[in-house]
Amino acid sequence: MIETLQQPPSLFGLDRDDLARQLSAFSEPGYRADQILAWVYRRHERDPMRMSNLPGPLRARLPGLFDLSLARNVTVNSTRDGLTQKFVLELAGGMRVESVSMRTERRLTFCLSSQVGCALKCAFCATGLMGLKRNLAAEEIVAQVVTMGDYHRWKDDRFNLVFMGMGEPLANYDAVLKAIRILHEPRGLNLGARRITVSTSGLVPQIRRLGEEDLQLGLAVSLHATTDALRDQLVPVNKRWPIRELLDAAATYGRIVGRRVTLEYTLLGGVNDTFADAERLSAFARALPSKINLIPYNPVPGLHWQRPTPESVQRFAGWLYPRSPAVTVRQTLGGEIWAACGQLGGLSPAA
Ligand code: SAH
Ligand code: SF4
């Protein structure tokens, strides 16, 4: 009777052990958990009646035990070239969250949100303007991946995930890590940790904690400035954990995990793009195993920063090249549908 009184838990928020535990409460053996994970994450089948290796009574009972639905409603906007899509997922309770899929020559990448809004209020970010509405639950993060995989018909068995959508992933640490473990599960989607990158504005204690997780996740830190005076203004969390502490935590992370850390640097015309900035940035980059990713500022309505010209981006990159280990310039994808970095925050193509 209990199962009919309560809202069943979302299947997408359960890892293999949770699922086996829940099933054992209904006297089902543990291997049923593996079978269900294989149907849902490997064969992308969410209709219990089609899960042919499960006994009939369990099939009939599954919808009462677990919620197998994704978002309440999903809208998709695609760029004209069909390479970038913005997904707006309506969650239980009516809030919306945005995710983006991007196809480049080399790979398909899903950009995930971890919160609705964000409390950290970086000076150039649309999500920061919203303030924090709420954290996402693990199932709401996993649902973004499944929704985008469905859209692309799971044709790419290898795709990358980046936590670079709405919200600060390390401020919603437990749900983000739970979602990552669910996606990483070898009997489920089996997504390699090396394909997942977590981007943070610089929550130092959580960066240190992430280094102890025994997962080889990619780490990107949002540096954006080379002096504390400027970073205090652009990324206010710098007042709590200044550049030196952030880089120290990033270096420790890189050493433990054995991967280069990405230093993200959003270029704001006339603000952080001088030769002196380039010199300091490359000195930072040389001090730890790292690569630099330059992001030309993407316009946000209501904010008045300047997008640098392609020439000034190239000039800045040119200053860095001879001095820095690796420099890339992030392609701007999805600007026409308000899906580029920093533009997620309820902006619509018509806005
Ligand atoms: N909260 C995380 C991840 C989300 S944003 C973080 O801050 O790292 C992904 C990247 O886009 C971050 O480096 C962020 O600082 C940057 N960004 C935010 N707004 C931007 C904008 N308008 N133009 C370009 N980059 C932006
Ligand atoms: Fe939050 Fe990241 Fe935007 Fe800063 S850049 S306000 S941390 S989502």
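So, a few notes on the structure that sits alongside this text. The structure presented is a predicted model; accordingly, all values stated were derived computationally and were not measured. (Residues numbered from 1 in each chain as written. Chains lettered and ligands numbered in written order. Predicted model: local features only at pLDDT ≥ 70, side-chain atom pairs only at ≥ 80, totals over all residues. Heavy atoms only, no water.)

## Quick word on the overall build of the protein
Counting its regular elements, the protein contains twelve helices and twelve strands. In terms of overall size, the protein behaves like a compact globule, its C-alpha atoms giving a radius of gyration of 21 Å where 351 residues would be expected to give roughly 20 Å. Based on the C-alpha atoms only, the size of the protein along its principal axes is roughly 70 × 45 × 35 Å. Of all 351 residues assigned to the protein, the portion counted as buried reaches 54%. A separation of at least 24 residues holds for 65% of the contacts in the protein among residues at least 6 apart in sequence. When the accessible surface of the protein is summed, it comes to about 15,600 Å², and 50% of that surface belongs to carbon and sulfur atoms. Distance between charge centres in the protein, computed from 43 positive and 34 negative side chains, equals 3 Å. (Helix = DSSP H or I, 4+ residues; strand = E, 2+ residues; numbered from the N terminus. Rg over C-alpha atoms; globule rule 2.2 N^0.38 Å. Buried < 20%, exposed > 50% of the residue type's maximum accessible area, 1.4 Å probe, protein only. Contact = heavy atoms within 4.5 Å. Areas by Shrake-Rupley, 256 points an atom, 1.4 Å probe, with all protein chains shown as cover. Lys, Arg positive; Asp, Glu negative; His and termini not counted. Charge placed at Lys NZ, Arg CZ, Asp CG, Glu CD.)

## Comments concerning helix H2 (residues 16–24)
An α-helical turn contains 3.6 residues, so any two residues separated by three or four positions project in the same direction. Among all positions of H2, only Arg-16, Asp-18, Leu-19, Ala-20 and Leu-23 are buried. Here H2 starts with a cap whose side-chain oxygen sits 3.2 Å from the backbone nitrogen of Asp-17, and that cap is Asp-15. (Polar contact = N/O pair within 3.5 Å; in protein donor to acceptor, adjacent residues only side chain to side chain.)

## With respect to the site of ligand 1
Around ligand 1 there are 21 residues in total, and Phe-124, Gly-167, Ser-199, Ser-222 and His-224 lie nearest to it. In the model, an oxygen atom of ligand 1 is placed 3.5 Å from a nitrogen or oxygen of the Thr-200 main chain. Contact between ligand 1 and Ser-222: an oxygen atom at 2.6 Å from a side-chain N or O atom of the residue. Burial of ligand 1 by the surrounding chains reaches 96%, relative to a free accessible area of 530 Å². Elements with a minimum of two residues in the shell around ligand 1: strand E8 (196–200), strand E10 (261–267) and strand E11 (290–296). For the shell around ligand 1, the class distribution of residues is nine nonpolar, ten polar and two charged. (Near = heavy atom within 4 Å. Nonpolar A, V, L, I, M, F, W, Y, C, P; charged D, E, K, R; others polar.)

## Here's the deal with the packing of aromatic side chains
Per the counting criterion, the structure on display carries seven aromatic pairs. With centroids separated by 5.5 Å and ring planes inclined at 10°, the aromatic side chains of Tyr-265 and Phe-316 adopt a geometry described as stacked. Here Phe-316 lies in helix H12 (residues 310–320) and Tyr-265 lies in strand E10, a separation of 51 residues in the sequence. Like Phe-316, Tyr-265 is buried. Aromatic side chains Phe-275 and Trp-319 sit 5.4 Å apart centroid to centroid with 80° between the ring planes, which places their arrangement in the edge-to-face category. One end of the pair, Phe-275, is in helix H11 (residues 275–286); the other, Trp-319, is in helix H12, with 44 residues separating them in the sequence. (Phe/Tyr/Trp six-rings, centres within 6.5 Å; stacked < 30°, edge-to-face > 60°.)

## Overview of the site of ligand 2
In the neighbourhood of ligand 2, the contacting residues comprise Cys-118, Leu-120, Lys-121, Cys-122, Cys-125, Gly-128, Gly-167, Glu-168 and Ser-201. Class assignment of the residues belonging to the shell around ligand 2 gives a composition of four nonpolar, three polar and two charged.

## Observations concerning unusual backbone geometry
With the exception of glycine, most residues fall at negative phi, and the peptide bonds are largely trans. For Ser-27, which is not glycine, the phi torsion reads 60° and is therefore positive. With a phi close to 60°, Asn-190 is a non-glycine residue in the positive phi region. Turning to its location among the elements, Asn-190 is positioned in the loop between helix H7 (173–184) and E8. A relative accessible area of 43% means that Asn-190 is categorised as partly exposed.

## Focus on the packing of H2 against helix H3 (residues 31–42)
It is at 8 Å that the axes of H2 and H3 come closest, and there the two elements cross at 125°. By the criterion of interaxial angle, the relationship of H2 to H3 is oblique. Between H2 and H3 lies a crossing of right-handed hand. On H3, the residues that touch Arg-16, Leu-19, Ala-20 and Leu-23 of H2 are Tyr-31, Arg-32, Ala-33, Asp-34, Ile-36 and Leu-37. Class assignment for the residues of the contact of H2 with H3 results in seven nonpolar, no polar and three charged. (Axes fitted to C-alpha atoms, helices over the stretch in contact; angles between N-to-C directions. Parallel < 35°, antiparallel > 145°, perpendicular 65-115°, else oblique. Left-handed = near helix turned anticlockwise from the far one by under 90°.)

## Some thoughts on the pairing of strand E4 (residues 108–111)
Here E4 shows a buried face lined by Leu-108 and Phe-110 and a second buried face lined by Thr-109 and Cys-111. Following strand E3 (residues 96–103), the chain reverses through four residues before pairing antiparallel with E4. Here E4 pairs with strand E7 (residues 159–163) via four bridges, running parallel. Residue pairing in the sheet places Leu-108 in a bridge with Phe-159 of E7. (Pairing = 2+ DSSP bridges.)

## Overview of the packing of helix H6 (residues 138–151) against H7
Relative to each other, H6 and H7 sit at 45°, their axes nearing to 8 Å. Comparing their axes, H7 and H6 come out oblique. Of the two elements, H6 crosses H7, and the hand of that crossing is right-handed. On H7, the residues that touch Ala-138, Ile-141, Val-142 and Val-145 of H6 are Ala-175, Val-176, Lys-178, Ala-179, Ile-182 and Leu-183. Here the residues of the contact of H6 with H7 sort into nine nonpolar, no polar and one charged.

## Details of the nonpolar core
Core analysis: the biggest nonpolar cluster contains 107 residues, and Leu-19, Tyr-41, Phe-159, Leu-161, Leu-217 and Leu-294 have the highest contact counts within it. In terms of residue count, the dominant contributor to this core is helix H10 (residues 243–257) (eight residues). When sequence neighbours within four positions are dropped, the list of residues in contact with Leu-19 reads Leu-11, Leu-14, Ala-33, Ile-36, Leu-37 and Phe-66. (Core = buried A, V, L, I, M, F, W, Y, C linked by side-chain atoms within 4.5 Å.)

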